[in-house]
Amino acid sequence: MKNKFFLLLTTVLLTNTLSSQGLNNPKETKKIHQNSTEQKSEINQIDSLMTKSYERGLFNGNILIAKNDKIIYQKSFGFTDETRQTPLNNKSIFNIGSIAKEFNAVAIMILAERGLLNLDDKVSKFDLGLPKWAEKVSIRHLINYASGIPPIERLKPENDAEAWNILRGNDSLLFEPGTSYKYDNGNVFLQRRIIEKVTGVSYQEFVTKNIVKPLKMTNSVFDPTFGSKNRTSCYDMDNVRCPELKFISGWLWVDVNDFYKWTEAMNTNRLISKESFQTLLNNPYAKEESGSLGRYFEKEDLQRHNGVSYKFESIFLNDFKNKITIILVSNNLNRVWDLGHIIHNLMLGKEYEIPKKSIYQAIRKESLNDVNKGIETYHLLKENSKNEYSFENPGELNKLGYELSRLGKINESITIFKLATKEFPKDANLFDSLGEAYFTDKQYDLALESYKKAISLGGTNGNAEKMIDKIEKEIRK
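Residues numbered from 1 in each chain as written. Predicted model: local features only at pLDDT ≥ 70, side-chain atom pairs only at ≥ 80, totals over all residues. Heavy atoms only, no water.

**So, the overall build of the protein chain**
A count of helical and extended segments in the protein chain gives 17 helices and 8 strands. What you see for the protein chain is a C-alpha radius of gyration of 25 Å, in line with the 23 Å of a compact globule of 477 residues. Taking the principal axes of its C-alpha atoms as reference, the protein chain extends roughly 85 × 65 × 45 Å. Across the 477 residues of the protein chain, 49% fall into the buried class. Considering only intrachain contacts with a sequence separation of at least 6, the fraction spanning at least 24 residues in the protein chain is 64%. For the protein chain, the computed accessible surface area is about 23,600 Å², with 48% contributed by carbon and sulfur atoms. (Helix = DSSP H or I, 4+ residues; strand = E, 2+ residues; numbered from the N terminus. Rg over C-alpha atoms; globule rule 2.2 N^0.38 Å. Buried < 20%, exposed > 50% of the residue type's maximum accessible area, 1.4 Å probe, protein only. Contact = heavy atoms within 4.5 Å. Areas by Shrake-Rupley, 256 points an atom, 1.4 Å probe, with all protein chains shown as cover.)

Following this line, the structure appears as structure tokens:
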């Protein structure tokens, strides 16, 4: 109803404006009417796509789409937490994962533009008590994940003090700065500490004063605790709440409107210059990898950034060429990535398909209890409801196989991977997965057979060959 009212109001205002300007040219009137009709059709298609995706259990979250600098579609689907009692609204705030790293990168550029630091300054300049490797690592390396600093994520620090211990207690680099790429939050952690050293205030204070308040991001909160106003909680497909995040500090949670204010500010250079924005978009050390602002596709003039934290997932597509911004935020990890790209294709007039129900979700719980019953359900659904479920996606069974493997149900995972290779006999990745399950179960002959099949189907970027060498060494022991 809100969207219909918005469209009606827009049409009325547009008509009045044209009348007051005396534009009675029939051709011009026809063109305006055609554009209005096309936009209504586009909005209806988007709404149908999102409504069906929600009904199929593929999206729980908020969406905002802007075109030509105007919001054309905004809606909430689903609930704030696992109780499914409180509906989401446009003030619901979400953990946007890695997208929140953009705030420290832009804060760095603000300081650079003010002459308070230089991107080529070495980390050692800021007296952070780090080992000698700090003399080699520059801020430019940090914002592009090309620093080679000791990784912190695999050790899962639960707070800043633990992150400091990891970084200060490791004397060696992973690689010489600027020679390779490693996406790790240690780079983010040091950016935030440098900001504090330069400004004399906390990272949160600096961002609040120089970004949040100027942009009137009135509903954004740093590291909100459970029970904070408008805060969502993530949950899984079994309606079980995710564990609360214990990690380094400095993560800004936003609602979808504040998220849009942020992307709009970047696009219009309200906080940093166009040159600084381009510096952050383009990773000089790894063109095919993400930088501080996500991945930039130069040919399409498209910025894409996604973030995942437990079952929170967000994505935004910033299409500079076509002046389209697509934002999706979710607290129930499912098909956010796919939906972002599907909407983009829809708006560009390309072919698109409404996502089908997940066959993985449909048979998961049954397969965890009894894999044979799960497979029986799979075949029944394929026979009776083939057009409703994602039977054509090999990733569905692959995901289930790996989940069983992680739970220690190796025989069950082998059963699922065997089904997958039977359903998709030309998929090299599935044979690679089956080989891995056989290897875990020490069925080396069958593992070799599967990996060789993967190679014959085109290989898996050298992984099958490496595993064959590993298995042959194991057999020779």
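**Brief notes about the state of the cysteines**
Throughout the structure, instances matching the rule amount to 1 disulfide. Disulfide partner of Cys234: Cys242, at an S-S distance of 2.3 Å. With a relative accessible area of 9%, Cys242 lands in the buried category. (Disulfide = S-S within 2.5 Å.)

**What about the pairing of strand E6 (residues 302-309)?**
With 6 of 8 residues buried, E6 is to be regarded as a mostly interior element. Hairpin geometry of strand E5 (residues 295-297) and E6 is characterised by an intervening segment of 4 residues between the two adjacent antiparallel strands and by a positive phi of about 55 degrees at Asp301. Sheet topology places E6 next to strand E7 (residues 312-319); 8 bridges connect them, and they run antiparallel. Within E7, the position partnered with Gln303 by the bridge is Asn318. Hairpin remark: E6 followed by E7, antiparallel, with 2 residues in the connecting loop; positive phi at Tyr310, about 50 degrees. (Pairing = 2+ DSSP bridges.)

**Thoughts on the packing of aromatic side chains**
One pass over the full model with this rule turns up 16 aromatic pairs. Geometrically, the ring pair formed by Phe277 and Phe320 is edge-to-face, given 6.0 Å between the ring centres and 85 degrees between the ring planes. Here the residue Phe277 occupies a position in helix H9 (residues 274-281), and Phe320 occupies one in the loop between E7 and strand E8 (324-330), the gap between them amounting to 43 residues. With a relative accessible area of 5%, Phe277 lands in the buried category. Assessed through its relative accessible area of 23%, Phe320 is described here as partly exposed. Relative to Phe320, the ring of Tyr296 lies with its centre 6.4 Å away and its plane at 55 degrees, an arrangement referred to as tilted. With Tyr296 in strand E5 and Phe320 in the loop between E7 and E8, this pair connects stretches of sequence that are 24 residues apart. Each residue in the set Tyr54, Phe59 and Phe77 is aromatic and connected to the rest through ring pairs, giving one cluster. In this structure, Arg192 is placed above the aromatic ring of Trp251, and the distance from its NZ or CZ to the ring centre is 4.3 Å. Seen from the ring of Phe189, Arg193 lies directly overhead, with NZ or CZ sitting 4.7 Å from the centre. (Phe/Tyr/Trp six-rings, centres within 6.5 Å; stacked < 30°, edge-to-face > 60°. Lys NZ or Arg CZ within 6 Å of the ring centre and 35° of its normal.)

**Examining the pairing of strand E2 (residues 70-77)**
The pairing of strand E1 (residues 61-67) with E2 spans 7 bridges and is classified as antiparallel. Within E2, the position partnered with Ile65 by the bridge is Tyr73. The turn linking E1 back onto E2 is made up of 2 residues, and Asn68 within it adopts a positive phi angle of 55 degrees.

**Focus: the nonpolar core**
Phe103, Leu130, Leu190, Ile211, Met217 and Trp262 are the most contacted members of the largest nonpolar core, which totals 71 residues. Looking at which element gives the most residues to this core, the answer is helix H3 (residues 101-113), with 8 residues. Discounting residues that sit within four places of it in the chain, Met217 has contacts with Phe103, Ile211, Val212, Leu252, Val254, Asp258, Lys261 and Trp262. Counting 23 residues, the second-largest nonpolar core is a separate cluster that includes Tyr73, Leu328, Val336 and Ile343. (Core = buried A, V, L, I, M, F, W, Y, C linked by side-chain atoms within 4.5 Å.)

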